[in-house]
There are 2 protein chains.
Amino acid sequence: MNYNKVDSNHLSFFKSFLSDAQIVSAAAELHKFAHDETEDLVYFPDLGLIPNSVEELSSILNYCNQNQIAVTPQGARTGLRGGALPVHGGVAVSMQNFNRIINIDEDNAQVTVEPGVITQVLQEAVAAKGLFYPPDPASKGSCFIGGNLSENSGGPKAVKYGVTNEYVLNLEVVLADGSVIWTGANVLKNATGYNLTQLMVGSEGTLGVITKAVLKLIPHPKMNMLMLVPFRSAEDACKAVAAIFKEGIVPSGLEFMERDALVWTKDFINDDSIVIPNDIQAHLLIEVDGNHSDVLMNDCEKIMSVVEGFDIDDVLFADSEAQKNTLWNLRRKVGEAVKSNSIYKEEDTVVPRYRLPDLLRAIKSIGEKYGFTSVCYGHAGDGNLHVNIIKGDLSDEVWNDQLPLAIREIFEHTISLGGTISGEHGIGLVQKNYMDIPFNSIQLDLMRSIKNVFDPNQILNPGKIFPD
Amino acid sequence: MNYNKVDSNHLSFFKSFLSDAQIVSAAAELHKFAHDETEDLVYFPDLGLIPNSVEELSSILNYCNQNQIAVTPQGARTGLRGGALPVHGGVAVSMQNFNRIINIDEDNAQVTVEPGVITQVLQEAVAAKGLFYPPDPASKGSCFIGGNLSENSGGPKAVKYGVTNEYVLNLEVVLADGSVIWTGANVLKNATGYNLTQLMVGSEGTLGVITKAVLKLIPHPKMNMLMLVPFRSAEDACKAVAAIFKEGIVPSGLEFMERDALVWTKDFINDDSIVIPNDIQAHLLIEVDGNHSDVLMNDCEKIMSVVEGFDIDDVLFADSEAQKNTLWNLRRKVGEAVKSNSIYKEEDTVVPRYRLPDLLRAIKSIGEKYGFTSVCYGHAGDGNLHVNIIKGDLSDEVWNDQLPLAIREIFEHTISLGGTISGEHGIGLVQKNYMDIPFNSIQLDLMRSIKNVFDPNQILNPGKIFPD
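Treat the numbers as computed from the prediction; the structure is a model and nothing was measured.

**What to know about the overall build of chain A**
Each helix and strand in chain A was counted, giving 15 helices and 18 strands. Here the C-alpha radius of gyration of chain A, 23 Å, is about what a compact globule of 468 residues would show, namely 23 Å. With the C-alpha coordinates of chain A rotated into their principal frame, the extents come out at 70 × 60 × 45 Å. Expressed as a percentage of the 468 residues in chain A, the buried residues total 62%. For chain A, the exposed surface amounts to about 16400 Å²; the carbon and sulfur share of it is 46%.

Structure follows, in structure tokens:
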């Protein structure tokens, strides 16, 4: 597919209904439209546009659709897969001005929100009314709800409360031709036609641009308890994960961190609040929440009896809100810490949780074969392991030539365990050429045909999801 | 779209790989393929086929696709919307022999099941392992999991635990051309391409035929408490529903029954275990569940303090398992009782739950305008009200000519409240000509185009969902 470059005629059209502040063309200013949080990739658009309304966005899409101009929708650009990179140039559309929480409907426990609202801002606004919006990616302080919807984001709470798509009731979407639809209704159950809502969630901006979302809220749990459990074997830590669920406990957080993940993060943020003995290979960070302290104590006791069946060191129970924040902050900073430590590639593997030990073993074995080290951490409770492959002292040649083969082996093993290649980060640009591993040509053709239904001219976020 | 009738050549083909017991052609035997639980509608297929394997089903579909023969997939034929009726003749394919629970995976809390397994059979099999599959339509003792998937069924537990689609991880599907795909992976979170799984759920057999499902399970709650609350005003009962949630309580059942629903059912099943005073206009049946009796008692006390704010009579607390069963049986038999009482039309309205009183008022007002009575009941906790419009003494002329106008008015009002026209029963045959109310031509065209992607020859369950 070829796309037209934005020229002076096109620019004149955009100037006819957008203010100067809404049009970005100077290279210095365009830089922020050219990258997200994916490695060090940079792709400049011809033009950055910042619509203020559904009508303006509709006009932009309609025009680009008629003039075969690539359009890359952008949220906060915190994605890790290049999903927001304008790889075909054209227009990058920032949704940053769609930043209103339109209505917190306490009577129905729903919120109507624009896509440019920061996730944590939404969470705090509804929490002030006693309501809870659980999905909380590590970037919650800066990412947008629109990006969460587009990537079907998860986060630590997903293990108990589910990922983004489980909270979406209805979406307002501008289609490629500029027409505007709602995908469903503002209801908790819906058996009325095909589920356009769930088709849109996780479609990474390739099927339409979300302009409003009606999200389900639940009562906010009143309290939680948090513990950090050090294991002398990383595989044991993985095994303990499934064992906790088999006791009938559903923790509100169940995070795995390999030794290096925590050590590097302590160094990165200069945190010496916890000591990690030399023989500790991994930690589980385990949270339970609810409304009754005796129930939570009971859950914690059951968890203790499970983890004590493995070779562990002393368990740390957080004894204050400050200590809870310290521990969660350590977990949330792991990604940044790894990034600061070395050139790396992060994979977002997910398997049925009981298969985590198998997955970890395979990753280490593939690493030995190809000569790389890795640091693994993630949302073990739902089988989602972030695999950070470290460049370290590897030559550029090995890194560039051998790494794709190694990743392919990791993904093939992930699929063989019943898993898939992305749990919550999406496919975007950098994973698209692995999509032949989870899907065969029949499945990919179905997806491509669905794409053609929504966007026959292929203007929306081209170059993403589908293999070259 | 025209379809070919099944002729002797076609029959010979089917006989080449199916046994006599798998081919039904005699009119007397074909009758069971000709109806479901929708009113008294009867549409005979040319032929009934009962495949035993994915390979046989694939051959049937591939052949029908090449020969333009309509195919109507059928489960237990307990649907209420005519979704399983072979309105274009052709082949009716019964999934009754796909009746294996393939694997209860306790380690990962998942079950792999074929579509012909009865819902209650599945529930009891996993409950024996301490696991819980919550979706439980009133027909759970006879309906199939495949039908539940195709209609995105709900039931009383949905208010706390969600409807069918929230438990589906992965589906094996035979497409119209006979090819076989899996829609996703066996994982709790998935950000890998478009969500084909959720597109398939609720698509009523129009996009493919489900042959295996991997379903999520959760720990089975250890206990529950049940109460029946009589209200002197039906609107008050509706208002109490949202008020209970605003207290932070999420009941595991919150059912509304208008006076006549319960009175008729008591008569229908000759149950005199409860007495309904003359001034009682509606009941709420409220269940809470969990693992700690003191927590449930606390929930019940909070619920009592809410309902005592309305004009109620004495609350009945079920004091034994037998009494719980009696009360739930009364609730589950309402549909049959109404059906036995009069010719009727049932609508499956759903609104945000706080809008229930508005919806009930509008239904009664529209009834007065058109001269019909109605009996309303349903899953009030998630805003899902089943509206049974009673023919009673109405003339056939009024019934046939005026009723569609009245239903249209009810649905328009439902949409205006943020709701839609089916919460859990689907659209099927009998609701399809109301689909222009929730959706405009852009939305319907998107759905039709998706249908064309999956089934370009329109052989799968033709005559359903889309308006004529």
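Picking up where we left off.
**Side note on helix 3 (residues 54-66) of chain A**
Residue and element names in this part refer to chain A. Relative to the 18 Å expected for 13 residues at 1.5 Å per residue, helix 3 spans 18 Å between its end C-alpha atoms, a close match to the ideal helical length. Buried within helix 3 we find Val 54, Glu 56, Leu 57, Ser 58, Ile 60, Leu 61, Tyr 63, Cys 64 and Asn 65. Downstream of helix 3 by a residue or two, Gln 68 has a phi angle that is positive, lying close to 50°.

**As for the side chain of Glu 151 of chain B**
Note that Glu 151 of chain B resides in helix 5 (residues 145-151). Aside from chain neighbours lying at most four places away, what touches Glu 151 of chain B is Ala 191 of chain A together with Gly 202, Glu 204, Glu 424, His 425, Gly 426 and Ile 427 of chain B.

**A closer look at the relation of the copies chain A and chain B**
Of the two same-sequence chains, chain A is brought onto chain B (RMSD 0.0 Å, axial shift 0.0 Å) by a rotation of 180°. The symmetry that links the two subunits is that of a two-fold axis. When the interface residues of chain A are mapped onto chain B, 100% of them again lie at the interface, so the same face is used by both copies.

**Brief notes about the pairing of strand 3 (residues 71-74) of chain A**
Walk down a regular strand and you will see the side chains alternate between the two sheet faces. Residue and element names in this part refer to chain A. Residues Val 71 and Pro 73 of strand 3 are buried on one face, and the alternating residues Thr 72 and Gln 74, pointing to the opposite face, are buried as well. With 4 bridges joining them, strand 3 and strand 4 (residues 91-94) adopt parallel strand pairing. Across the sheet, the residue bridging to Val 71 is Val 91, located in strand 4.

**Considerations on the sheet that holds strand 8 (residues 168-174) of chain A**
Residue and element names in this part refer to chain A. With antiparallel pairing, the 5 strands of this open sheet are ordered in space as 5-6-10-8-9. Looking at strand neighbours, the two that pair on one side only are strand 5 (101-105) and strand 9 (180-182), the edges of this open sheet. Each adjacent strand pair in this sheet contributes to an overall mean axis angle of 10°, direction not counted. Pairing of strand 5 with strand 6 (residues 110-113), which is carried by 4 bridges, proceeds in the antiparallel orientation. Bridge pairing links Ile 101 to Val 113 in strand 6. Each of strand 5, strand 6 and strand 10 (209-216) is contacted by helix 4 (residues 119-127), which is oriented at about 35° to strand 5, the strand it contacts most.

**Overview of the interface of chain A and chain B**
Taken together, the 83 residues of chain A in the interface contact 83 residues of chain B. Summing the contributions of chain A and of chain B, the shared interface buries around 6200 Å²; its carbon and sulfur component is 63%. It is Lys 189, Thr 192 and Tyr 194 of chain A in chain A that bury the most area against chain B; as a group they hold 15% of the surface buried on that side. Across the contact surface, chain A and chain B share 6 salt bridges. Across the pair Lys 189 of chain A and Asp 382 of chain B runs a salt bridge, and its minimum N-O distance is 3.6 Å. Where chain A meets chain B, there are 24 residue pairs in polar contact (both at pLDDT 80 or more). When contributions to the side of chain A that touches chain B are tallied by element, the ones reaching two or more residues are strand 9, helix 7 (196-200), helix 8 (234-246), helix 10 (293-307) and helix 15 (441-454) of chain A. Take the side of chain A that touches chain B: its biggest share by element is 9 residues, from helix 15 of chain A. Of the residues belonging to the side of chain A that touches chain B, the class tally is 35 nonpolar, 32 polar and 16 charged.

**Remarks on the nonpolar core**
In this structure, Leu 215, Phe 256 and Phe 454 of chain A together with Leu 215, Phe 256 and Phe 454 of chain B are the most contacted members of the largest nonpolar core, which totals 180 residues. Leave out the neighbours within four places in its chain, and Phe 256 of chain B touches Ala 234, Ala 237, Cys 238, Ala 282, His 283, Leu 284, Leu 360, Cys 376, Tyr 377, Gly 378, Ala 380 and Leu 385 of chain B.

**Points about the pattern of salt bridges**
Evaluated as defined, the whole model comprises 54 salt bridges over all chains. Across the salt bridge formed by Lys 369 of chain A and Glu 409 of chain A, the nearest N and O atoms sit 2.5 Å from each other. Here Glu 409 of chain A lies in helix 14 (residues 396-416) and Lys 369 of chain A lies in helix 13 (residues 356-370), a separation of 40 residues in the sequence. Relative accessible area serves as the criterion here: at 22%, Glu 409 of chain A is assigned to the partly exposed category. With its nearest N and O atoms 2.6 Å apart, the salt bridge here joins Arg 232 of chain B to Asp 279 of chain B. Taken as a pair, Arg 232 of chain B in the loop between strand 12 (223-231) and helix 8 (234-246) and Asp 279 of chain B in the loop between helix 9 (259-268) and strand 14 (282-290) lie far apart in primary sequence, 47 residues in all. Overall, Asp 279 of chain B belongs to the partly exposed group, its relative accessible area being 36%. Members of the salt-bridge network, linked through shared partners, are Arg 232, Asp 279, Asp 311 and Asp 313 of chain A.

**As for the packing of helix 9 of chain B against helix 12 (residues 334-341) of chain B**
All names here are of chain B. Between helix 9 and helix 12, the shortest axis-to-axis distance is 8 Å and the interhelical angle comes to 85°. Taken together, helix 9 and helix 12 sit at an angle that is classed as roughly perpendicular. In this structure, helix 9 uses Ala 261, Trp 264, Thr 265 and Phe 268 to contact helix 12, whose residues at the interface are Val 334, Glu 336, Ala 337, Val 338, Ser 340 and Asn 341.

**Notes on empty space enclosed by the protein**
All names here are of chain A. If you walk through the whole model with that rule in mind, you get 6 cavities of 30 Å³ or more. Space inside the largest cavity adds up to approximately 60 Å³. Residue lining of the largest cavity: Glu 37, Thr 38, Glu 39, Leu 80, Arg 81, Tyr 344, Lys 345 and Glu 346, and that is the complete set. Split by residue class, the lining of the largest cavity holds 2 nonpolar, 1 polar and 5 charged.

**Points about the domain arrangement of chain A**
Here chain A is described as being made up of domain 1 (8-94), domain 2 (101-219) and domain 3 (223-335). The centre of domain 1 of chain A, based on its C-alpha atoms, is set 42 Å off from the matching centre of domain 3 of chain A.

**Description of the packing of aromatic side chains**
In the structure shown here, the tally under the stated rule is 18 aromatic pairs over all chains. With centroids separated by 5.1 Å and ring planes inclined at 85°, the aromatic side chains of Phe 132 of chain B and Tyr 161 of chain B adopt a geometry described as edge-to-face. Separated by 29 residues along the polypeptide, Phe 132 of chain B in strand 7 (residues 131-132) and Tyr 161 of chain B in helix 6 (residues 158-161) bring together distant segments of the chain. Of the two residues, Phe 132 of chain B and Tyr 161 of chain B, both sit in the buried class. The rings of Phe 13, Phe 14, Phe 17 and Tyr 63 of chain A are connected pair by pair, giving a single aromatic cluster. Stacked on the ring of Tyr 167 of chain A, the Lys or Arg Lys 216 of chain A has its end atom at 5.5 Å from the ring centre.

**Remarks on the sheet that holds strand 5 (residues 101-105) of chain B**
Residues and elements named next belong to chain B. Strand order across the open sheet formed by 5 strands is 5-6-10-8-9, with antiparallel pairing between neighbours. Looking at strand neighbours, the two that pair on one side only are strand 5 and strand 9 (180-182), the edges of this open sheet. Taken pair by pair, the neighbouring strands of this sheet meet at an average axis angle of 10°, ignoring direction.

**A few points about the packing of helix 13 of chain A against helix 14 of chain A**
To describe two helices that pack against each other, one gives the angle between their axes and the distance between the axes. Residues and elements named next belong to chain A. Interaxial distance between helix 13 and helix 14 falls to 10 Å at its minimum, and their mutual angle equals 155°. As summarised for this structure, helix 13 and helix 14 are arranged roughly antiparallel, according to the angle between their axes. The interaxial crossing formed by helix 13 with helix 14 has right-handed handedness. Along the contact surface, helix 13 presents Asp 358, Leu 359, Ala 362, Ile 363, Ile 366, Lys 369 and Tyr 370, while helix 14 presents Val 398, Gln 402, Leu 405, Ala 406, Glu 409, Ile 410, His 413 and Thr 414.

**Considering the state of the cysteines**
Residues and elements named next belong to chain B. Counting across every chain of the model gives 0 disulfides over all chains. Free cysteine: Cys 238, not disulfide-bonded; nearest cysteine sulfur from Cys 376 at 8.3 Å. Residue class for Cys 238 comes out buried when judged on its relative accessible area of 1%.

**Quick word on the side chain of Ser 153 of chain A**
By the secondary structure assignment, Ser 153 of chain A is in the loop between helix 5 (145-151) and helix 6 (158-161). If near-sequence neighbours (up to four positions away) are discounted, Ser 153 of chain A is found in contact with Pro 135, Pro 137, Gly 147, Asn 148, Val 163, Thr 164 and Glu 424 of chain A.

Thresholds applied
- Per chain, the residues get numbers from 1 upward, laid out in the order the sequence is written.
- All chains are assigned letters beginning at A, and all ligands numbers beginning at 1, according to the order in which they are written.
- Totals for whole chains, interfaces and linings use every residue, but because this is a predicted model, local features are given only for residues with pLDDT of at least 70 and side-chain atom pairs only at 80 or more, for both listing and counting.
- Only heavy atoms go into the side-chain values, all of them from the structure, while hydrogens and water stay out.
- Here a helix means four or more residues in a row that DSSP labels H or I, a strand means two or more in a row labelled E, and each is numbered from the N terminus.
- For a compact globule the rule gives 2.2 Å times the number of residues to the power 0.38, and the radius of gyration it is set against comes from C-alpha atoms.
- Exposed residues in this analysis have more than 50% of their type's maximum accessible area, buried residues have under 20%, and partly exposed residues fall in between, with area computed by a 1.4 Å probe over protein chains only.
- Calculation of accessible area relied on Shrake-Rupley with a 1.4 Å probe; when residues are assessed, cover is drawn exclusively from the protein chains displayed.
- The length a helix should cover is 1.5 Å for every residue beyond the first.
- Contacts between residues were defined by any pair of non-hydrogen atoms, one from each residue, lying within 4.5 Å.
- Least squares is used to superpose the copies, and the fit set is the C-alpha atoms of residues whose pLDDT is at least 70 in both copies.
- Two strands are said to pair when DSSP picks up at least two bridges between them.
- Orientation is described by lines fitted to C-alpha atoms, with helices fitted over the stretch in contact, and by angles between N-to-C directions that extend from 0 to 180 degrees.
- Note: buried area is the sum, over both parts, of the accessible area (probe 1.4 Å) each one loses when the two are combined.
- Each reported salt bridge corresponds to a side-chain nitrogen of Lys or Arg within 4 Å of a carboxyl oxygen of Asp or Glu.
- Polar contacts, as used here, are pairs of N or O atoms within 3.5 Å; protein pairs need one atom able to donate a hydrogen and one able to accept it. Residues neighboring in sequence count only if both atoms are side-chain atoms.
- Three residue categories are used. Nonpolar comprises Ala, Val, Leu, Ile, Met, Phe, Trp, Tyr, Cys and Pro, charged comprises Asp, Glu, Lys and Arg, and polar comprises the others, including Gly.
- Buried Ala, Val, Leu, Ile, Met, Phe, Trp, Tyr and Cys residues that are joined via side-chain atoms within 4.5 Å together make up what is termed a nonpolar core.
- An angle below 35 degrees is treated as roughly parallel, one above 145 as roughly antiparallel, one from 65 to 115 as roughly perpendicular, and anything else as oblique.
- Put plainly, a pocket is an open set of points on a 1 Å grid over the protein atoms alone with protein on both sides within 12 Å along at least five of seven lines, a cavity is a set where a 1.4 Å probe fits but cannot get out, and a lining residue has an atom within 4 Å of a point.
- Grid points are joined across faces, edges and corners, and a volume is the space filled by probe spheres set on the points.
- Note that domain bounds follow an automatic or database assignment of domains.
- By convention, a stacked pair of Phe, Tyr or Trp rings (six-membered ring in the case of Trp) has centres within 6.5 Å and planes under 30 degrees apart, an edge-to-face pair has planes over 60 apart, and any other such pair is tilted.
- The criterion for a charge sitting over a ring is simple: Lys NZ or Arg CZ within 6 Å of the ring centre, and within 35 degrees of the ring normal.
- In this scheme the crossing of two helices becomes right-handed for a clockwise turn of the near helix relative to the far one and left-handed for an anticlockwise turn of less than a right angle.
- Note on disulfides: each one is a pair of cysteine sulfur atoms within 2.5 Å.

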